[in-house]
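Here is what each chain is made of, one letter per residue.
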Amino acid sequence: MAAGVRYRLRNEGEDTIALTFTSASNVAFVGEGNAGDLITLGTRKTTPGKALEGARNVTEILVHSEARHFDITFAIDPPAETTVQPIYAIANSEEGFERLYEQTEIACSWNVTIEPDSHVDLEIRATAVGQLVEPELIKPAARRKRTAAAPAPADTVARSKR
């Protein structure tokens, strides 16, 4: 599956515009407790439960889930400054308040300067690849069949009834 978003920032005025534009995506299919789940920003790596800030000039982000058998690749054009932040919820349970991991936010930011009567294009393309995996089932141990006594021949049964 592939999808993407393209932003076209236009300046129809007479003055130059300088701004920071940020686009964020939330990924809820990875878990902080799964050791095989990994987020890679260029050459830097982190796990879903840990923040990673200030990765500069990132052109590709890879989200890998070993537990759920998928990969999502984000291609970023032009390169962006990227951060990864876990998002938590606070729940009140029988043991008291506890922090629960919910999802991970991946944010791409661009410092943009747009000249008068021009535009800037920013693009993020995502490609997802998943693998359908059937769960392993544990088969019960085979039971030994009882051997039934061989049926008596029909003429023996008839003689015993006389």
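Fair warning: this is a prediction, and the values are worked out from it, not measured in the lab.

Peer 1: Would you explain a negative patch on the surface in this entry?
Peer 2: Among the surface-exposed residues, E12, E14, D15 and D117 lie close enough to one another that they form a single negatively charged patch. Secondary-structure assignment places D15 in the loop between β1 (2-11) and β2 (17-27). Look at D15 and you get exposed, because its relative accessible area is 59%.

Peer 1: Help me understand unusual backbone geometry, please; the structure alone is not making it clear to me.
Peer 2: Among all residues except glycine, the phi angle is most often negative; among peptide bonds, the trans geometry is most common. Cis geometry is adopted by the peptide bond preceding P78, which originates at D77 and carries an omega value of -5°. Relative to the helices and strands, P78 is located in strand β6 (residues 70-93). Notably, N57 is not glycine yet its phi reads approximately 55°, a positive angle. If you trace the backbone, N57 turns up in strand β5 (residues 52-65). Exposure remark for N57: the relative accessible area of 62% places this residue in the exposed category. Positioned with a positive phi, H69 is a non-glycine residue whose angle comes to about 60°. Position of H69 relative to the elements: it lies in the loop between β5 and β6.

Peer 1: It is not clear to me how the packing of aromatic side chains should be interpreted in this structure. Could you clarify?
Peer 2: We describe a pair of aromatic rings using the distance from one ring centre to the other and the angle between the two ring planes. Within this structure, the stated rule accounts for three aromatic pairs. For the ring pair Y88 and Y101, a centre distance of 5.9 Å and an interplane angle of 75° mean the geometry is edge-to-face. With Y88 in strand β6 and Y101 in strand β7 (residues 96-114), the pair connects residues that are 13 residues apart, well separated along the chain. Overall, the relative accessible area of 23% leaves Y88 in the partly exposed class. Overall, Y101 belongs to the buried group, its relative accessible area being 16%. Cluster of aromatic residues (ring-pair linked, three or more members): Y7, F21 and W110. Above the plane of the ring of Y88 lies R99, whose end atom (NZ or CZ) is 3.8 Å from the centre.

Peer 1: How should the pairing of β7 be read in this particular structure?
Peer 2: The two faces of the sheet receive side chains in turn, since in a regular strand these alternate between them. Pairing between β2 and β7: eleven bridges, direction antiparallel. Note that in β7 the partner of A18 across the bridge is T113. As paired elements, β6 and β7 share 13 bridges and run antiparallel to each other. Its bridge partner lying in β7, I90 is registered against R99. The hairpin turn running from β6 into β7, its antiparallel successor, is two residues long.

Peer 1: Any chance you could explain the nonpolar core here in plain terms?
Peer 2: Side chains that are nonpolar tend, in soluble globular proteins, to be buried together. Within the largest apolar cluster, 25 residues are counted, with the highest numbers of intra-cluster contacts made by L41, I61, V63, F74, I106 and W110. Broken down by secondary-structure element, the contributors of at least two residues to this core are β2, β3 (38-41), β5, β6, β7 and β8 (118-130). For this core, the element with the most residues is β6, which contributes six residues. Leave out the neighbours within four places in its chain, and I106 touches S23, A24, S25, V27, I39, I61, V63, F74, T82, T83 and V84.

Thresholds, definitions, all that
Residues numbered from 1 in each chain as written. Predicted model: local features only at pLDDT ≥ 70, side-chain atom pairs only at ≥ 80, totals over all residues. Heavy atoms only, no water. Patch = residues over 30% accessible without salt bridge, like charges linked within 9 Å, V, L, I, M, F, W, Y side chains within 5 Å. Areas by Shrake-Rupley, 256 points an atom, 1.4 Å probe, with all protein chains shown as cover. Salt bridge = Lys/Arg side-chain N within 4 Å of Asp/Glu carboxyl O. Lys, Arg positive; Asp, Glu negative; His and termini not counted. Charge placed at Lys NZ, Arg CZ, Asp CG, Glu CD. Helix = DSSP H or I, 4+ residues; strand = E, 2+ residues; numbered from the N terminus. Buried < 20%, exposed > 50% of the residue type's maximum accessible area, 1.4 Å probe, protein only. Phe/Tyr/Trp six-rings, centres within 6.5 Å; stacked < 30°, edge-to-face > 60°. Lys NZ or Arg CZ within 6 Å of the ring centre and 35° of its normal. Pairing = 2+ DSSP bridges. Core = buried A, V, L, I, M, F, W, Y, C linked by side-chain atoms within 4.5 Å. Contact = heavy atoms within 4.5 Å.

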